[in-house]
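# Structural overview for review
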Amino acid sequence: QKEQPPFTLAGNLVGTAGGKPIPREERFPPPPGANRPLVGLVEVADVGGIPVGVVGVVGKSLWADARKADPSVDFHPDTAAVLKQALAGLAADPRKPQVNVLLFQGT
């Protein structure tokens, strides 16, 4: 919960209340004194002077297990839309990380 790396990234994570989705930023808001939500979408890290963009999403194969562990969480069903949002977030970062590789793991 400290505002220091490593950060938790799961851009398609949302909360639920009464069967309705709660945006990730509202369900996992910044802790007191912090500027970033507990669970983010993108992070840009400086690796040897090179800005490296990292995106985190949870694959469908893990959704059921996560819901069992915490019924107050769910996942945005359109992963492609979440990834487009992530790419826009990386493009908006002033450090301008270059997107070279997209790696998908899971389903």
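This section reports on the structure supplied with the text.

## What to know about the overall build of the chain
Within the chain one finds three helices and seven strands. Going from N to C terminus, the chain has its helices and strands arranged as β-β-β-α-β-β-β-α-β-α. Buried residues in the chain amount to 24% of all 107 residues. Expressed as a percentage of contacts within the chain between residues at least 6 apart in sequence, the contacts between residues at least 24 apart total 61%. Only carbon and sulfur atoms are counted for the fraction: they give 59% of the accessible area of the chain, which is about 7,300 Å².

## Let's talk about the side chain of Glu-43
Looking at the secondary structure, you find Glu-43 in strand 5 (residues 42–47). Glu-43 sits in the buried class, given a relative accessible area of 18%. A polar side-chain atom of Glu-43 sits 2.4 Å from a polar atom in the side chain of Arg-36. Here Glu-43 is in contact with Phe-7, Leu-9, Arg-36, Val-52, Gly-53, Val-54 and Leu-90, once residues within four sequence places are set aside.

## Topic: the packing of aromatic side chains
To describe a pair of aromatic rings, you give the distance between the ring centres and the angle between the ring planes. Throughout the structure, instances matching the rule amount to one aromatic pair. Between the aromatic rings of Trp-63 and Phe-75, the centroid separation amounts to 5.5 Å while the plane-to-plane angle is 5 degrees, which identifies the pairing as stacked. Residue Trp-63 is found in helix 2 (residues 60–69), and its partner Phe-75 is found in strand 7 (residues 73–75); the two are separated by twelve residues along the sequence. For Trp-63, a relative accessible area of 9% gives the class buried.

## As for the nonpolar core
Core analysis: the biggest nonpolar cluster contains eight residues, these being Ala-10, Leu-13, Phe-28, Val-39, Val-58, Trp-63, Val-73 and Phe-75. Those residues in contact with Phe-28, other than ones at most four positions away along the chain, are Leu-13, Pro-37, Leu-38, Val-39 and Val-73.

## With respect to a nonpolar patch on the surface
Residues Val-47, Ile-50, Val-52 and Val-54 make up a contiguous nonpolar surface patch of about 310 Å² in total accessible area. Looking at the nonpolar patch element by element, the count peaks at three residues for strand 6 (residues 50–55). Mapped onto the elements of the fold, Val-54 is located in strand 6.

## Some thoughts on unusual backbone geometry
The phi angle at Lys-96 is positive, at roughly 50 degrees, despite the residue not being glycine. Along the chain, Lys-96 turns up in the segment after helix 3 (79–92). Judged by its relative accessible area of 54%, Lys-96 falls in the exposed class.

Rules of the game
- Residues numbered from 1 in each chain as written.
- Predicted model: local features only at pLDDT ≥ 70, side-chain atom pairs only at ≥ 80, totals over all residues.
- Heavy atoms only, no water.
- Helix = DSSP H or I, 4+ residues; strand = E, 2+ residues; numbered from the N terminus.
- Buried < 20%, exposed > 50% of the residue type's maximum accessible area, 1.4 Å probe, protein only.
- Contact = heavy atoms within 4.5 Å.
- Areas by Shrake-Rupley, 256 points an atom, 1.4 Å probe, with all protein chains shown as cover.
- Polar contact = N/O pair within 3.5 Å; in protein donor to acceptor, adjacent residues only side chain to side chain.
- Phe/Tyr/Trp six-rings, centres within 6.5 Å; stacked < 30°, edge-to-face > 60°.
- Core = buried A, V, L, I, M, F, W, Y, C linked by side-chain atoms within 4.5 Å.
- Patch = residues over 30% accessible without salt bridge, like charges linked within 9 Å, V, L, I, M, F, W, Y side chains within 5 Å.
- Salt bridge = Lys/Arg side-chain N within 4 Å of Asp/Glu carboxyl O.

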